[in-house]
Amino acid sequence: MKEIKFVLNGKEVSVKADPLKRLLDVLREDKKMTGVKEGCGEGECGACAVLKDGVLVNSCMIPLGAAEGSEIITPEGIRDTEKGKCIIDAFGTAGAVQCGFCTPGMMMATDALLTQNKKPSVDEIREALSGNLCRCTGYDLIVKGVQIASERGKDLW
Amino acid sequence: MGSNIALKEDDIKGVKMAAKISIPVLRIDAREKAGGWTHYIADYEFDNLQHGRFLRSERARAKIIEIRKPDFPEGYYYIDASDIPPGGKNNIQMIKDDWRVFADGDVRYIGETIALILGPEKQIVLDLLNQIEVVYEDLVPSFTFQDALSCKGGAIHGTDNIFAEFLLNIGDVDNAFPGAVRVVEGVYETGFQEHLYMETQGIVATWEDEKITLYASSQCPFYIRKSVAGTLGVPLGDIRVKQAATGGAFGGKEHFPDVIATPLAVAVNKIKKPVAMIFDRIEDISFTCKRHPGRISIKTGLDRDNNIVAMEIDTLVNGGAYESSTPIVLQRAIIHGLGVYRIPNARIHGRAVATNTFPSDAYRGFGAPQGLFAIEMHMSHIADEIGMPVSQFKRKHFIKTGDITITNAKMHDDVKLPGMLAKIEEMSDYSEKVKKYEDDPLRGIGLSFVNHGGGFTGNGEQAVIKGVVKMKRLEDGKAGLYVSVVEMGQGLQTALRKIASKELELDYLDIVYDNPDTDIVPDSGPTCASRSTMVVGFLVQECAKKLKIKWDEGVGAEAEHVYTHPEEFVWEQETLQGDAYPSYGWGVNVVEVELDPFTYEVKTTGVWAVWDVGVTIDETIMQGQSSGGVIQALGYASIEKCELKNGAFMQRTMADYTIPTSLDFPEVHTVFIDNPYKYGPSGAKGAGELVFDAAPPAYAEAVQNAIGKRIYEIPVTPEMIMEALR
């Protein structure tokens, strides 16, 4: 057991746990942030995606110890911001949401992309979403959702 | 436009956008899901929650000699068949009840549930599980079609390993074959497919208000209720099932949740505490049902004018160790066996066999994709043999309204395939590309046609399901909708609201629909068989009309509507004769590919789809179904390899069972044509499975067109292509 400090959605937090505990479990179990989903537990699917110091990572692959001193943003930290609302609304308009299990992770991937590239091409969007698996949509309408977010949110990112 | 396709004015009549109801609305669940507010079963919180894990068979077929258990600490339990209460049964009530809740005395497949280990700490449960030693005496297992048919090791099921056997016949095949001037034969094989819904299987069973209550990621809450009540030997009303938001299902959460729910309920019945069973991904891939592998042999006779005069089909599907829904999957596979073609003399023999593999079960398409892959590839092989363009040969044999189907009924649908072909030609430039790629060793294009019967096969809707829906006037001008069909991603919550609100002249947001709770909603049947919009949606439409009449009675006014089968559709279940489905969805796909000459990897460069689903209830939702269905099917056709080794699936993780990413396939260009069905809500027909059916043969045809060698099997892997080109 070790006390690990990091910044979670803008607030400093301290977690006393095994430093090898998965960040995913810390977020879901200790912090009740269930917007972070477990899809595979092996870094393949992106359902548990969060931002670590601005970089899109799979929280199932990050031991708590590696989060020490970093800034973590989960879907809970983004969904009520202007950027978050923009992505959520754009996904709604596009019809990007089906079962919804991958979608919070898709929102995180979209934010990470638009932060780097305000006006991505379709190919760049597909590349940026390629670490987030979706079994329902075939991706077309998610790609469209990202395009709509990029257009509507051109002053946000 | 391709030179060999004559475009007539009649052909494109009806190729236009659909009704007002098709205008997209914001999906009711979009915002909550996108932001991560929606709670799936793993997000629920329960006081005093116990965690369960299954002790599973490590052998495909063996006697259990002894189970050596460590001492269990206080509060930890080992639950097995001996815990089923008197009056209950160690069987899961599905269609049959041959699947056991707990293996008892012997095991029949790797992963079979032997016991449930549970307690408050996950890690201690795992430690206990690891300390249990099962002593087996191995028996001779049977895995392949050949093993099954020769009853290797003795029959697993009955005396002959045959779960189901059917024979369909039209015309006079035996007299027709001698008149053929040419005979073409082929054997077509399809593999297992894992559903890979993004949310794994999960159920929490609780003891609430002196009642076992289950919260489940599920397609069919009433199926769970039936199976649990049967296992415990209690009246149906003693069990309550509440559907949790379900993160994808595709058939994988139709019957399989019963396999989790029944042991959990046995445990809760004993300890009266809530127990959770949430699969991790490895467990989910390794130990859940897959799509039935198929082996379909087709022999076709042609006359001098290259008309098909006779066809004989032999269909085998692998059902695994228990029956589950296998006979009905087989029925659908053979009833779709002739695809969209009019064959005057045809015979289809279908058998579903038992093996010591994980039981196969429902997967989007439910047998039709296997049958349709075979017939589509076979038609392309005949065209190749006689040197006729594939599109021309297929078109020449299109079934028409009034033609006889394989179950000796008239095709009632207004078949618009010629117009749909014309449309996809215009979109994809198919025929021009066929010519262009003739001498190109790396590029190819494929064209497929399919139909898919909506609703349960035969008399399922009227004799078995008898769906009921209810509606009620609520406060504030809202209306409550009570149905048992679920939202699992397909957009049903939104579609049913649109259907009800149209009749009641309300805003769709004023229709109140909660995830089904078996104590509250009537049984409108399961969420499967492309029936929820077409069949239940129609009940909702009719129910809403009744409520509209009673609306002025004020708050509390209620209406109910029960399924009645349209009289013009007749079916005889014993002989499988008559109208197998009241209507069909129809589809045409074109897939274009490019081969890497060094790695033999195939890149898909274009995908087009034209669908007749009657009328779309929401154009955007249906676009999502089309893209999603087609891409899932392209995965099945290309990269989703799932193999058995000594009865265990070799692919266990998402790293080795790969599904399409956003980079693997391009955009699916989709068009819907308008062809209203009179017993569908606003004219809608079944759609959810149809959109899966067409892409696999189109993809395989594209690859064979590129490499100039016939393809008989999916998934088409680079290894297969390398072998073919050697």
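As the structure is a computational prediction, the values presented were derived from the model and not from experiment. All residue numbers here refer to positions counted from 1 along the written sequence of the relevant chain. Both sets of labels track the order of writing: A upward for chains, 1 upward for ligands. Where local features are concerned, this predicted model is filtered to residues with pLDDT of at least 70; where side-chain atom pairs are given and counted, the filter is 80 or more; whole-chain, interface and lining totals use all residues.

### Side note on the overall build of chain A
By the criteria applied, helices consist of DSSP H or I runs no shorter than four residues and strands consist of E runs no shorter than two, each listed in order from the N terminus. A count of helices and strands for chain A gives 6 helices and 5 strands. Counting helices and strands in the order they occur from the N terminus, chain A gives β-β-α-β-β-β-α-α-α-α-α. Scaling as 2.2 N^0.38, a compact globule of 157 residues should have a C-alpha radius of gyration of about 15 Å, and chain A matches this with 15 Å. Overall size of chain A, expressed as C-alpha extent along the three principal axes, is 45 × 30 × 25 Å. The burial criterion counts other C-beta atoms lying within 10 Å of a residue's C-beta, which is placed from the backbone; the residue is buried at 20 or more, exposed at 12 or fewer, and partly exposed between these limits. Expressed as a percentage of the 157 residues in chain A, the buried residues total 59%. Here contacts are defined at the residue level, using C-beta atoms placed from the backbone and a cut-off of 7 Å between them. A fraction of 61% describes how many contacts in chain A between residues 6 or more apart in sequence connect residues 24 or more apart. Taken over C-alpha atoms, the radius of gyration is set against a globule rule of 2.2 Å times the number of residues to the power 0.38.

### Remarks on the overall build of chain B
Scanning chain B from terminus to terminus reveals 20 helices and 28 strands. Its C-alpha atoms give chain B a radius of gyration of 26 Å, within 12% of the compact-globule value 27 Å for 726 residues. For chain B, the spread of C-alpha atoms along the principal axes amounts to about 80 × 70 × 50 Å. Within chain B, the fraction of its 726 residues that count as buried is 60%. If you take every contact in chain B between residues at least 6 apart in sequence, the share linking residues at least 24 apart comes to 81%.

### Topic: the interface of chain A and chain B
Across the boundary between the two partners, chain A contributes 40 residues, which contact 45 residues of chain B. Counting only elements with at least two residues in the side of chain A that touches chain B, the list comes to α2 (75-78), α3 (82-94), α4 (103-116), α5 (122-128) and α6 (140-152) of chain A. The element best represented in the side of chain A that touches chain B is α3 of chain A, accounting for 4 residues. Note on residue categories: nonpolar means Ala, Val, Leu, Ile, Met, Phe, Trp, Tyr, Cys or Pro, charged means Asp, Glu, Lys or Arg, and polar means any other residue, Gly included. The class makeup of the residues in the side of chain A that touches chain B is 18 nonpolar, 13 polar and 9 charged.

### A short note on the sheet that holds strand β19 (residues 511-512) of chain B
Residue and element names in this part refer to chain B. The pairing criterion is simple: DSSP has to find at least two bridges between the two strands. Taken together, the 4 strands give an open sheet; going across it, the order is β19-β18-β17-β20, and neighbouring strands pair in mixed fashion. With partners counted over all chains shown, the strands left at the sheet margins are β19 and β20 (558-562), one partner each. Here strand β17 (residues 468-473) pairs with β20 via 5 bridges, running antiparallel. If you follow Lys470 over to β20, its bridge partner there is Glu560. For every element, the axis is a line fit to its C-alpha atoms; helices are fit only across the contacting stretch, and the angle between N-to-C directions ranges from 0 to 180 degrees. Strands in contact with helix α15 (residues 492-504) are β17, β18 (479-482) and β19; relative to β18, the strand with the most contacts, it is inclined by about 135°.

### Overview of the packing of α4 of chain A against α6 of chain A
Residue and element names in this part refer to chain A. As a packed pair, α4 and α6 sit with axes 11 Å apart at the nearest point and diverge in direction by 45°. Regarding the angle of α4 to α6, the classification is oblique. Handedness of the α4/α6 crossing: right-handed. Between α4 and α6, the residues in contact are Met106, Thr110, Leu113 and Leu114 and Ile142, Val146, Ala149 and Ser150, respectively. Orientation categories follow fixed angle ranges, with anything under 35 degrees roughly parallel, anything over 145 roughly antiparallel, 65 to 115 roughly perpendicular, and all other angles oblique. Left-handed describes a crossing in which the near helix is turned anticlockwise from the far one by less than a right angle; the clockwise case is right-handed.

### Observations concerning the domain arrangement of chain A
Residues and elements named next belong to chain A. Reported domain spans reflect what an automatic or database domain assignment gives. Assigned domains of chain A: these are domain 1 (2-74) and domain 2 (79-152). Computed from C-alpha atoms alone, the centre-to-centre distance between domain 1 and domain 2 is 21 Å. Counting residues per element, the side of domain 1 that touches domain 2 draws most heavily on strand β3 (residues 49-52), at 3 residues.

### So, the domain arrangement of chain B
Residue and element names in this part refer to chain B. The domain architecture assigned to chain B consists of domain 1 (13-42 + 460-562), domain 2 (50-139 + 196-286) and domain 3 (294-457 + 577-725). Taken over C-alpha atoms, the centre of domain 2 sits 36 Å from the centre of domain 3. If you look at the interface, domain 2 gives 22 residues, while domain 3 gives 25 residues. Per-element tally for the side of domain 2 that touches domain 3: the top contributor is helix α8 (residues 281-286), with 4 residues. Residue classes in the side of domain 2 that touches domain 3 are distributed as 11 nonpolar, 5 polar and 6 charged.

### What to know about helix α6 (residues 221-232) of chain B
Residue and element names in this part refer to chain B. Working rule for helices: expected span equals 1.5 Å times residues minus one. Here α6 contains 12 residues, and its C-alpha end-to-end distance of 17 Å stays within 8% of the 16 Å for a straight helix at 1.5 Å per residue. Here α6 lies mainly inside the structure; 12 of its 12 residues are buried. Inspection of α6 places Pro221, Phe222, Tyr223, Ile224, Arg225, Lys226, Ser227, Val228, Ala229, Gly230, Thr231 and Leu232 among the buried residues, and these make up the whole buried set. Where α6 is buried, its residues touch β10 (211-217), β11 (239-244) and α7 (256-271).

### Brief notes about the environment of Pro566 of chain B
Within the secondary structure layout, Pro566 of chain B lies in the loop between β20 and β21 (571-572). Separated by 113 residues in the primary sequence, Pro566 of chain B and Tyr679 of chain B have C-alpha atoms spaced 8.1 Å apart.

### Things to note about the sheet that holds strand β28 (residues 713-714) of chain B
Hydrogen bonds between backbone atoms are what pair the strands of a sheet, whose relative direction is either parallel or antiparallel. The mixed open sheet is built from 6 strands, whose spatial order is β7-β15-β14-β13-β8-β28 (chain B). With one partner strand each, in any of the chains shown, β7 (162-170) and β28 of chain B form the two edges of the open sheet.

### Some remarks on the packing of helix α10 (residues 368-386) of chain B against helix α19 (residues 695-707) of chain B
All names here are of chain B. Packing of α10 against α19 brings their axes to within 8 Å, and their N-to-C directions diverge by 35°. Pair α10 / α19 crosses with right-handed handedness. Taking contact as the criterion, the partners of Pro369, Leu372, Phe373, Glu376, Met377 and Ser380 in α10 are, on α19, Pro696, Pro697, Ala700 and Glu701.

### Description of unusual backbone geometry
All names here are of chain B. Residue Ile714 is joined to Pro715 through a cis peptide bond whose omega torsion reads 0°. Tracing the backbone through its elements, the reader meets Pro715 in the loop between β28 and α20 (718-725). The backbone of Asp476 sits at a positive phi, close to 60°, despite the residue not being glycine. Here Asp476 is to be found in the loop between β17 and β18. Of note, the phi angle at Ser682 is positive, near 55°, even though the residue is not glycine. Relative to the assigned elements, Ser682 resides in the loop between β27 (668-673) and α18 (690-693).

### So, the environment of Met106 of chain A
Residue and element names in this part refer to chain A. Structurally, Met106 is set in helix α4. On the neighbour-count criterion, Met106 (29 C-beta atoms within 10 Å) is buried. With 15 residues separating them along the chain, Met106 and Phe91 place their C-alpha atoms 9.6 Å apart.

### Some thoughts on the confidence of the model for chain B
It should be kept in mind that the predicted coordinates are not to be read in detail where pLDDT is low. All names here are of chain B. When the pLDDT values of chain B are averaged, the result is 96; 97% of them are 70 or greater. Per-residue confidence from the predictor is reported as pLDDT, which spans 0 to 100. A low-confidence stretch, residues 1-18 stays under pLDDT 50, and its non-local contacts, those more than four residues away or across chains, total 41 contacts. For this predicted complex, the interface confidence reaches an ipTM of 0.99, while the overall pTM sits at 0.97.

### Description of the pairing of strand β2 (residues 62-68) of chain B
All names here are of chain B. The sheet contact formed by β2 and strand β4 (residues 106-107) spans 2 bridges and is antiparallel. The residue of β4 that forms the bridge with Lys63 is Asp106. Of the strand pairs in this sheet, β2 and strand β6 (residues 133-138) are connected by 6 bridges, and their pairing is antiparallel. For Arg68, the partnering residue across the bridge sits in β6 and is Glu133.

### Details of the pairing of strand β16 (residues 443-453) of chain B
Residue and element names in this part refer to chain B. In terms of burial, β16 is a largely internal element, 10 of the 11 residues being buried. Relative to strand β23 (residues 584-595), β16 runs antiparallel, the two being bridged by 11 bridges. Paired with Val450 across the bridge in β23 is Gly587.

### Regarding the environment of Lys154 of chain A
All names here are of chain A. Here Lys154 shows up in the segment after α6. For Lys154, a count of 12 C-beta atoms within 10 Å corresponds to the exposed category. C-alpha separation for the pair Lys154 and Val97, spaced 57 residues apart in sequence, amounts to 22 Å.

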